[in-house]
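Chain by chain, the residues run as shown.
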Amino acid sequence: MKNFEFCVITDILFGVGQEQHLPEKLKAYGKKILLTYGGGSIKKTGLYDRLKALLNDFEVFELGGIAPNPKIESVRAGAAICKQEGIDIILAVGGGSTIDCSKAIAAAAYYDGDAWDLLLDMSKITKALPVAVVLTIAATGSEMDSVAVISNTETNEKLPLYSPLLLPKIAVLNPENTYTVPPFQTASGAADIMSHVIENYFDREPAFVPDALNEGLLRTVITYTPVALEEPANYEARAQLMWASTLALNSLGSTGKNFAWSCHYIEHELSAFYDVTHGAGLAVLTPSWMRYILSEETVDKFCDYAANVWGFSREEDKFTLANRGIDATEAFFKRIGLPSTLTELGIDDTMFEIMAEKAVRVGFLQNAYVPLDEKDVLRILHMCL
């Protein structure tokens, strides 16, 4: 294992009714809150009204309509509110899109230039407003990490933003708030969780402890996603998925490892150009990426994956075992209702060359678990058609 520093200090409030503790937690940061949310589902479920009642003693400003694959326009709008009203803390209510947008707003609130500058040069982030979260979907893990991903539709770019200053201070994880998540979004969230773990898991650095955690998280998602789809209000299933989502991206699974990802950077180009659901794009890409990188050098890791995650016998030939694990991954995504080809997402090869170039450049894919150049990414994308 490599040397590492692990310091994740988000105050997690997990379980039924934990929203009740928000007022006492938030008052330490001030009285002026920017409440951020997405398309309005929190109003339909009643969560919005419950939170507004809890925040009665605060001065609450709002930014709604944050889109999936959050756009820089929302970041600019939120930062303007923060500057004009002297906001003390941002309360993001929703999933990864709302949380990511709120993190970017938090940084842009202290920046005098255009918010997109921060995506192009993260060294410009010198200060950020505190961010609190009420999570409503198990997917990105943004509630307990320091990363945001923002899209610019004018330039067809989707770029990551990172700073320790963006780590949420408080995160309320009430599984009941995920009961109404539609089946496709539940399944896409599961694929996103699995992809986070897989990106950490497939690494050249031997690290038994984080890999044992990663294998357990993958088995959790495989076990409980079908239950949540069959019984949307099954508390145990929703709770297990919510906590798996958080642990998948809070850096525990990458401790002592290289943290050199592949599929996420390729998918970012898909959703930058076509605005597809992130998890659905990952479900298409991941099995093809696995098949492409399977070799004598990687087969042992794939055998661990097939045996320890999917339960296949190690008595089989290595490549047979490895392919059984890959096939099981693809079959699982199909079973939970996700697409298996880019064609199903309405994507052809028109933009492949541009996407491949950007994925390699932005994601530094030459440093990935299996190094990839533009030709490699092109082949993977064509395998997904």
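Please refer to the structure higher up on the page.
The paragraphs below set out a description of the structure included in this document. (Residues numbered from 1 in each chain as written. Predicted model: local features only at pLDDT ≥ 70, side-chain atom pairs only at ≥ 80, totals over all residues. Heavy atoms only, no water.)

## Concerning the overall build of the protein
Next up, step 1: Within the protein, the regular secondary structure consists of 15 helices and eight strands.
Next up, step 2: Over its C-alpha trace the protein gives a radius of gyration of 20 Å, about what one expects of a compact globule, namely 21 Å for 385 residues.
Next up, step 3: Evaluated residue by residue, the protein yields a buried proportion of 57% over its 385 residues.
Next up, step 4: Expressed as a percentage of contacts within the protein between residues at least 6 apart in sequence, the contacts between residues at least 24 apart total 78%.
Next up, step 5: For the protein, the accessible area works out to roughly 15,600 Å², and carbon and sulfur atoms hold 51% of it. (Helix = DSSP H or I, 4+ residues; strand = E, 2+ residues; numbered from the N terminus. Rg over C-alpha atoms; globule rule 2.2 N^0.38 Å. Buried < 20%, exposed > 50% of the residue type's maximum accessible area, 1.4 Å probe, protein only. Contact = heavy atoms within 4.5 Å. Areas by Shrake-Rupley, 256 points an atom, 1.4 Å probe, with all protein chains shown as cover.)

## Some words on empty space enclosed by the protein
Next up, step 1: Across all of its chains, the model carries two cavities of 30 Å³ or more by this definition.
Next up, step 2: What the largest cavity holds in volume is close to 60 Å³.
Next up, step 3: Taken together, I137, A138, T178, T186, G189, A190, I193, R238 and L241 make up the lining of the largest cavity.
Next up, step 4: If you list the elements that add at least two residues to the lining of the largest cavity, you get α7 (183–201) and α9 (235–248).
Next up, step 5: Looking at the lining of the largest cavity, the element that brings in the most residues is α7, giving four residues.
Next up, step 6: Per-class residue counts for the lining of the largest cavity are five nonpolar, three polar and one charged.
Next up, step 7: In this model, the second largest cavity occupies a volume close to 40 Å³.
Next up, step 8: Every residue lining the second largest cavity is listed: N156, E157, K158, L159, E269, K358, R361 and V362.
Next up, step 9: Mapped by element, the contributors of at least two residues to the lining of the second largest cavity are β7 (157–162) and α14 (352–363). (1 Å grid on protein atoms, 1.4 Å probe; cavity = no way out; pocket = protein on both sides within 12 Å on 5 of 7 lines; lining within 4 Å. Points joined across faces, edges and corners; volume = space filled by probe spheres on them. Nonpolar A, V, L, I, M, F, W, Y, C, P; charged D, E, K, R; others polar.)

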